[in-house]
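# Coordinate inspection notes
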Amino acid sequence: MDPPSCATPDILKFLQDMLETGKSLSTLKGMVAAIKAAWVGPWKLAEACCDLITQFLKGAQAYSPLQKTSYPPMGFGVGAVSLAA
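Residues numbered from 1 in each chain as written. Predicted model: local features only at pLDDT ≥ 70, side-chain atom pairs only at ≥ 80, totals over all residues. Heavy atoms only, no water.

## Thoughts on the packing of helix 1 (residues 8-20) against helix 2 (residues 25-38)
Where helix 1 contacts helix 2, the two axes come as close as 10 Å, and the packing angle between them is 155°. As far as their axial angle goes, helix 2 and helix 1 are roughly antiparallel. Pair helix 1 / helix 2 crosses with right-handed handedness. For the pair helix 1 and helix 2, the contacting residues are Ile-11, Phe-14, Leu-15, Met-18 and Leu-19 in the first and Thr-27, Leu-28, Met-31, Val-32 and Ile-35 in the second. (Axes fitted to C-alpha atoms, helices over the stretch in contact; angles between N-to-C directions. Helix = DSSP H or I, 4+ residues; strand = E, 2+ residues; numbered from the N terminus. Parallel < 35°, antiparallel > 145°, perpendicular 65-115°, else oblique. Left-handed = near helix turned anticlockwise from the far one by under 90°. Contact = heavy atoms within 4.5 Å.)

Next comes the structure, spelled out in structure tokens:
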């Protein structure tokens, strides 16, 4: 992305493409931080663009909620047996 020639829809399309390829929310947030860091001085992102990106990230969070790995419950007996082994 070239800051002087890149518009808000281009940024949102880039983020949407990343989301559709299975990138995690934290990856998207990292990309947004990098984009904002690159857009300094005369190319600073407009407030409206930042608001749209924030809305996109909220939607991305709803689209791909945090996946928790579930483990079977361990009773005291199971833990004691595994410690004795």
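Don't stop here, the text continues.
## As for helix 2
Here helix 2 contains 14 residues, and its C-alpha end-to-end distance of 20 Å stays within 8% of the 20 Å for a straight helix at 1.5 Å per residue. Among the residues of helix 2, those classed as buried are Leu-25, Leu-28, Val-32 and Ile-35. For helix 2, the buried positions fall inside an angular range of 80° around the axis, keeping them on one side. Within helix 2, the exposed residues directed more than 90 degrees away from the buried face are Ser-26 and Ala-37. In this structure, the buried side of helix 2 is in contact with helix 1 and helix 3 (47-63). (Expected span 1.5 Å × (residues − 1). Buried < 20%, exposed > 50% of the residue type's maximum accessible area, 1.4 Å probe, protein only. Arc of directions from axis to C-beta.)

## Section: the pattern of salt bridges
Per the counting criterion, the structure on display carries one salt bridge. Here Asp-17 and Lys-13 are joined by a salt bridge, their closest N and O atoms 2.9 Å apart. Here Asp-17 and its partner Lys-13 are both found in helix 1, four residues apart, which amounts to about one turn of the helix. Overall, the relative accessible area of 33% leaves Asp-17 in the partly exposed class. (Salt bridge = Lys/Arg side-chain N within 4 Å of Asp/Glu carboxyl O.)

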